[in-house]
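So you can see what is in the structure, the chains are spelled out below.
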Amino acid sequence: REAVEVRQHIGFLAHVPGLYDDLTATENLIFAARMLGVSESTIPDALERVGLGHSRDERVRGFSAGMQLRLALARLILGRPKLLLLAEPYNNFDPQGIELVNDVIQGARTDGGSALVVLHDRRQGERVLDRIIELGRGVVVGQTEGAQALTLVSASGVSL
């Protein structure tokens, strides 16, 4: 019933970044900030946080896959969502990018939020996992509890 209100508290990051190639990094974030109803003044900090401050005025068309995902991550943190929905968030990231994703997840947790992460290989996120639910053919085939505050779901029959 309160779909607009609910969406204001959710941040989604897919394995496809969903950026506008003809816009610069800053222009992509300006568009997102306006859509989210958040201040554009946070854009420079978001770009610096994800390591793209030096590329702020470059068109996304020339970005590597990792840079595009960093920009998508910057867009995610603009709204400071309470619930993160992340689909294969570590793909195309170098070790620093993987740590960045973990820091964003940990930051949401510290701020009282949660994250639901879908992936096939949990190794990159192990330091932020608290519960693992393994699915096989659409049913729960295993669960374990960890020490942090993140739920990991594997949507395939791949053993975690």
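Residues numbered from 1 in each chain as written. Predicted model: local features only at pLDDT ≥ 70, side-chain atom pairs only at ≥ 80, totals over all residues. Heavy atoms only, no water.

K.L.:
Tell me about the pattern of salt bridges, residues and numbers included.
P.N.:
In total, this model carries six salt bridges according to the counting rule given. Salt-bridge contacts for D22 lead to R61; the nearest nitrogen and oxygen are separated by 2.1 Å. Taken together, the positions of D22 in the loop between strand 1 (10-13) and helix 2 (25-36) and R61 in the loop between helix 3 (43-49) and helix 4 (65-78) put the pair 39 residues apart, joining distant regions of the chain. Under the relative-accessibility criterion, D22 is labelled partly exposed at 48%. The class for R61 is exposed, based on a relative accessible area of 51%. The partner of R59 in a salt bridge is E27, with the nearest N and O atoms 3.9 Å apart. In this pair, R59 sits in the loop between helix 3 and helix 4 while E27 sits in helix 2, placing the two residues 32 residues apart along the sequence. According to the relative accessible area criterion, E27 is partly exposed, its value standing at 35%. (Salt bridge = Lys/Arg side-chain N within 4 Å of Asp/Glu carboxyl O. Helix = DSSP H or I, 4+ residues; strand = E, 2+ residues; numbered from the N terminus. Buried < 20%, exposed > 50% of the residue type's maximum accessible area, 1.4 Å probe, protein only.)

K.L.:
Describe the side chain of E88, with residues and values.
P.N.:
Along the chain, the position of E88 falls in the loop between strand 2 (83-87) and helix 5 (95-110). Setting aside its immediate chain neighbours within four residues, E88 contacts H15, V118, L119 and H120. (Contact = heavy atoms within 4.5 Å.)

K.L.:
How would you explain unusual backbone geometry if you had to name every residue and give the values?
P.N.:
For R80, which is not a glycine, the phi torsion comes out positive at approximately 45 degrees. Residue placement: R80 occurs in the loop between helix 4 and strand 2. In this structure, E88 takes a positive phi of about 50 degrees despite not being glycine.

K.L.:
Residue-level account of the pairing of strand 4 (residues 131-136), with values.
P.N.:
The sheet contact formed by strand 4 and strand 5 (residues 139-145) spans six bridges and is antiparallel. Bridge assignment links G136 to a residue of strand 5, and that residue is V139. (Pairing = 2+ DSSP bridges.)

K.L.:
A description of a nonpolar patch on the surface should follow, citing residues and the corresponding values.
P.N.:
On the surface, V6, I10 and L83 cluster together to form a nonpolar patch covering roughly 200 Å² of accessible area. Inspection of the secondary structure puts I10 in strand 1. Accessibility expressed as a relative area gives 31% for I10, which makes it partly exposed. (Patch = residues over 30% accessible without salt bridge, like charges linked within 9 Å, V, L, I, M, F, W, Y side chains within 5 Å. Areas by Shrake-Rupley, 256 points an atom, 1.4 Å probe, with all protein chains shown as cover.)

These values are about where atoms sit, not about what they do.
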